[in-house]
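# Notes for the structure review
Below are the chains, spelled out letter by letter.
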Amino acid sequence: QVQLVESGGGLVQAGGSLRLSCAASGRTFRNYAMGWFRQAPGKEREFVATISWSGGNTYYADSGKDRFTISRDNARDTVYLQMNSLRPEDTAVYYCAARAAGTSQSPTLYDYWGQGTQVTVSP
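Just so it is clear, the structure is predicted and the values come from calculations on it, not from any experiment.

Sheet architecture is open: 4 strands sit in the order β1-β3-β8-β7, paired in antiparallel fashion. The sheet is open, and its two edges are formed by β1 (2-7) and β7 (68-73), each paired on a single side. Averaged over all adjacent pairs, the angle separating strand axes in this sheet is 15°, with direction ignored. Where β7 lies against strand β8 (residues 78-83), 6 bridges are found, and the strand directions are antiparallel. Within the sheet, the bridge partner assigned to Arg72 lies in β8 and is Val79.

Structure follows, in structure tokens:
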């Protein structure tokens, strides 16, 4: 099994930046595609970004293009989401997820999930 723990969320003013981290433990982390998703109250969980096991392929939702960057450090079993130019509409709980397959934008295809970390962007 794989355990995921997110950190780095918090309160930030519009235009500011945050870097989220996702620490993984368990069986071989480097063979898992990783994703970031977010969910605001009363809304569906939505795709944010994903990265292949090697880090060679990355994909972003339109909402985060040119503002967010996903990366991974397999030696440290950690995935990051760098978020710049944050907007109030980015406010949500952000979740890290892993799957033993290629990248996907669908949350239903991921096998493991972290507990989430709150990101709040003030106007």
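Now for the state of the cysteines. Counted under the stated rule, the structure contains 1 disulfide. A sulfur-sulfur separation of 2.1 Å characterises the disulfide bridge that pairs Cys22 with Cys96. Here the S-S torsion is close to -80°, and the disulfide linking Cys22 with Cys96 is therefore left-handed. Here the residue Cys22 occupies a position in strand β3 (residues 18-26), and Cys96 occupies one in strand β9 (residues 92-99), the gap between them amounting to 74 residues. Taking the relative accessible area as the measure of exposure, Cys22 reaches 0% and is therefore buried. By relative accessible area, which is 0% here, Cys96 ends up buried.

Rules and cut-offs
- Residues numbered from 1 in each chain as written.
- Predicted model: local features only at pLDDT ≥ 70, side-chain atom pairs only at ≥ 80, totals over all residues.
- Heavy atoms only, no water.
- Pairing = 2+ DSSP bridges.
- Helix = DSSP H or I, 4+ residues; strand = E, 2+ residues; numbered from the N terminus.
- Axes fitted to C-alpha atoms, helices over the stretch in contact; angles between N-to-C directions.
- Disulfide = S-S within 2.5 Å.
- Buried < 20%, exposed > 50% of the residue type's maximum accessible area, 1.4 Å probe, protein only.

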